[in-house]
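Structural features, examined
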Amino acid sequence: MERHNTANSDGSPMYGSVIKRLGIVGERNFGCYWAARTLSLIGDYAFRTAFATHIISVSGSAATLATATAVLLLPSLVFYLVGGALGDRTGSRRAVMVWADTARFAVLALIAAATFSTSSIVLLVALAVLIGVADGFFQPVSFAYMQEITSKEKLVAANSALSVGQQIGLIGGPLIGGFVVSLAGAPATFAFDSVTFMASAVLLLLVRTPRRADEGRKDGAGNKAEPAEEPAAGGAARLRQIGADVAQAGRYVAGVRWLLISLAVGACTNAVYAGVLDVSVPLIMAPEGTGGARSLGTFYALQGIGALVGAAVLVKLTVRRMGPALFSMLALMACSLAATGVVGGGTGALAMAFTYGIGLHFFNSLFPSLLQEQVPESLLSRVGSLAFLGFNGLMPLGALLMGPLVAALDARGAAIAAGLAAACVSLSALLSSGVRQLSSARAEPDASPADADGDEEPAGSDSNPEGVSP
């Protein structure tokens, strides 16, 4: 069958004009990938609204909501590192993502059936944990998969498009979730989420990977990397290989000071965001549970609207001083959550959700681009998984601690205290001159990991600008 030029595939110049206006989303491979991610995010955010309001309705307890949220966050963190190691060694990252989406489809179908027939929170959380396991494989693998379908010159545009997709999910998901919960209950919302994951798997199967996963990967010196050898048979050997792969990425991260500071600050601030957004905010916006699902969904949706505004602003800017931009945006997000506690529910809280979303888009576009630009491709899945783990590692603890904090200060007081603390931590990163001077140019580690002879290269050595010796 003859292949037609994409711009004229329908015989009309107008089609080419539409594709051009879509930018990178109009490219077949990235477009399918973007649509898959966006659809599953819509389902995820609908799930978030249903999960919180269902637990409030059934238990009426901040401690129960905090504990359930903390347990839900744990599995993905545990499996991020395993998923990252798998992503750097597998011959098909797409196959891993399709498997993860299919697993989440099946589990969510079970959750929908379980919540329809019983009000057991324990059963709901136990099944939801399996979603986190699949997510732990999907996230780091999908992060590295970007390099297979997107050229490095388009990474910022691609990450910005993904962030816009995230905000479309953040707008549509909570609104759909709040509406469906109010109309048909939480089980119907869980079923809707299940369908989005199946649609995501189908779209990923439509992606035509232009090169094999191992082709074009480079080591720290810019040379073509050899395909990873398969580990020896046996569970112990595989575990040792995974451990060695993760340790190699850890040595790289240990030599990059700005990355270490980013992970430390991100861990603390994300712990606060998890606690406030998943515990305090639901209790502020939907104190009666499912009856307030629309109000909670609107709050979450306005985060997405704010992020779209952030995208419109970011596309017109050239951000050269990345460090101040990144951590100022984190501080803006923290102050917005503190202000939500000050104003309580209503219009004021919705305005704060909007400003939170602006900061969210800036950070979610700039930080991944830095990693993808500066980290050797042969390490990208593993370093990406370490970054995921660093940013998200304290989130379960943040959610868990929000329960007693709400009991002591009430939901609004807890949001104020936690938000102000996170703002201070965010701005403290700018005390580092390395962070203040961080730009989008390829950064050099402050110290290279030891080489095979046990010697170390001087900090910032030009002989190994990537700072890693695979």
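Here's what I pulled together on the structure shown here. (Residues numbered from 1 in each chain as written. Predicted model: local features only at pLDDT ≥ 70, side-chain atom pairs only at ≥ 80, totals over all residues. Heavy atoms only, no water.)

Quick notes on the packing of helix H9 (residues 257-285) against helix H11 (residues 322-343)
The geometry of a pair of packed helices is captured by two quantities: the angle between their axes and the separation between those axes. Where H9 contacts H11, the axes come no closer than 11 Å and their chain directions differ by 20 degrees. By the criterion of interaxial angle, the relationship of H9 to H11 is roughly parallel. In terms of crossing hand, the pair formed by H9 and H11 is left-handed. Two secondary-structure elements touch here, H9 through Ser-262, Val-265, Thr-269, Tyr-273, Val-276 and Leu-277 and H11 through Phe-327, Leu-330, Met-333, Ala-334 and Leu-337. When the residues that make up the contact of H9 with H11 are grouped by side-chain class, the tally is nine nonpolar, two polar and no charged. (Axes fitted to C-alpha atoms, helices over the stretch in contact; angles between N-to-C directions. Helix = DSSP H or I, 4+ residues; strand = E, 2+ residues; numbered from the N terminus. Parallel < 35°, antiparallel > 145°, perpendicular 65-115°, else oblique. Left-handed = near helix turned anticlockwise from the far one by under 90°. Contact = heavy atoms within 4.5 Å. Nonpolar A, V, L, I, M, F, W, Y, C, P; charged D, E, K, R; others polar.)

Description of the pattern of salt bridges
Taken as a whole, this structure holds three salt bridges when the rule is applied. A salt bridge links Arg-48 to Asp-278; the nearest nitrogen and oxygen atoms lie 3.1 Å apart. Linking Arg-48 in helix H2 (residues 28-59) with Asp-278 in helix H9, this pair joins segments that are 230 residues apart in sequence. Asp-101 is the partner of Arg-104 in a salt bridge, and the nearest nitrogen-oxygen pair spans 2.7 Å. Taken together, the residues span about one helical turn, with Arg-104 and Asp-101 both in helix H4 (residues 93-117) at a distance of three residues. (Salt bridge = Lys/Arg side-chain N within 4 Å of Asp/Glu carboxyl O.)

Structural notes on the packing of aromatic side chains
This model, assessed by the stated rule, comprises nine aromatic pairs. Note on Phe-299 and Tyr-300: the rings are 6.1 Å apart at their centroids and 75 degrees apart in plane angle, and the pair reads as edge-to-face. Just as Phe-299 is buried, Tyr-300 falls in that class too. Measuring from centroid to centroid gives 5.8 Å for Phe-363 and Phe-391, while their planes differ by 85 degrees, and the two rings are edge-to-face. (Phe/Tyr/Trp six-rings, centres within 6.5 Å; stacked < 30°, edge-to-face > 60°. Buried < 20%, exposed > 50% of the residue type's maximum accessible area, 1.4 Å probe, protein only.)

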